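Tertiary structure, described
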Amino acid sequence: MPVAATGTYDDSNIFARILRGEIPSKRVYEDQWAIAFHDINPQAPVHVLVIPRGAYISWADFSALAPDAEIAGFVRAVGAVARQLALEEPGYRLLANAGLDAHQEVPHLHVHLFGGRPLGPMLVR
Ligand code: 5GP
């Protein structure tokens, strides 16, 4: 069920629970600002989700409300994950769904990181 990108943060969402360690995940990276783990339903040979530790629903409230240090930390974490997974040379794709039209399902900001094969056109037409 897609969710709106605005509203009140729901502390019981699945990624909040992964952050708190209540639900297992295959973590590939963590630092002060972010954690990254394998998507449970991978759409590419590498499909990792990078999420901020802070409670943000989507790019909308993160970009509007997060302190600069947190935004910088998160963006750097996404880059670090791609580097750690050796994806810089072959290349990779980042995607962040926000809100209903994008079909965002989990109401905690996440960036999908895809790689491991040629990824084809950006969107299905
Ligand atoms: P969205 O559509 O919100 O951008 O993407 C949500 C993503 O979270 C989907 O790719 C889905 O497979 C993934 N996902 C949903 N529940 C879980 C879970 O419990 N664990 C992990 N690792 N990924 C999940």
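For the structure itself, consult the block above.
A short tour of the structure in this document, coming up. From a predicted model like this one, the values you see are computed outputs, not experimental measurements.

Parameters at a glance
Residues numbered from 1 in each chain as written. Predicted model: local features only at pLDDT ≥ 70, side-chain atom pairs only at ≥ 80, totals over all residues. Heavy atoms only, no water. Pairing = 2+ DSSP bridges. Helix = DSSP H or I, 4+ residues; strand = E, 2+ residues; numbered from the N terminus. Axes fitted to C-alpha atoms, helices over the stretch in contact; angles between N-to-C directions. Near = heavy atom within 4 Å. Polar contact = N/O pair within 3.5 Å; in protein donor to acceptor, adjacent residues only side chain to side chain. Areas by Shrake-Rupley, 256 points an atom, 1.4 Å probe, with all protein chains shown as cover. Nonpolar A, V, L, I, M, F, W, Y, C, P; charged D, E, K, R; others polar. Buried < 20%, exposed > 50% of the residue type's maximum accessible area, 1.4 Å probe, protein only. Lys, Arg positive; Asp, Glu negative; His and termini not counted. Salt bridge = Lys/Arg side-chain N within 4 Å of Asp/Glu carboxyl O.

Once that is clear, we can look at the sheet that holds strand 5 (residues 111-115). Two orientations exist for strands paired in a sheet by backbone hydrogen bonds: parallel and antiparallel. The antiparallel open sheet is built from five strands, whose spatial order is 1-2-3-5-4. Of all the strands in the sheet, just strand 1 (27-30) and strand 4 (93-95) have a single pairing partner and so form its edges. Here the strands of the sheet are splayed against their neighbours by 20° on average, with no regard to which way each runs.

Looking now at the site of the ligand. Around the ligand lies a shell of 16 residues, among which Asp39, Asn97, Glu105, His110 and His112 are the nearest. Residue histidine 38 places a main-chain N or O atom 2.9 Å away from a nitrogen atom belonging to the ligand. Surface burial for the ligand is 84%, taken as the share of its 520 Å² of free accessible area covered by protein chains. Every element with two or more residues in the shell around the ligand is listed here: helix 1 (14-19) and strand 2 (34-38). With three residues, the top contributor of residues to the shell around the ligand is helix 1. Residues that form the shell around the ligand fall into these classes: seven nonpolar, seven polar and two charged.

Moving on to the side chain of glutamate 70. The topology assignment puts glutamate 70 in helix 3 (residues 68-84). For the buried residue glutamate 70, which engages in no salt bridge, the nearest side chain bearing the opposite charge is arginine 53, 9.2 Å off.

The next point concerns the pairing of strand 1. As a general feature of sheets, a regular strand has side chains that alternate between the two faces. Strand direction decides the pairing type here: strand 1 and strand 2, joined by three bridges, are antiparallel. Considered in strand 2, the bridge of glutamate 30 is made with isoleucine 35. Counted between consecutive antiparallel strands, the loop separating strand 1 from strand 2 contains three residues.

In short, shape yes, function no, at least from these values alone.
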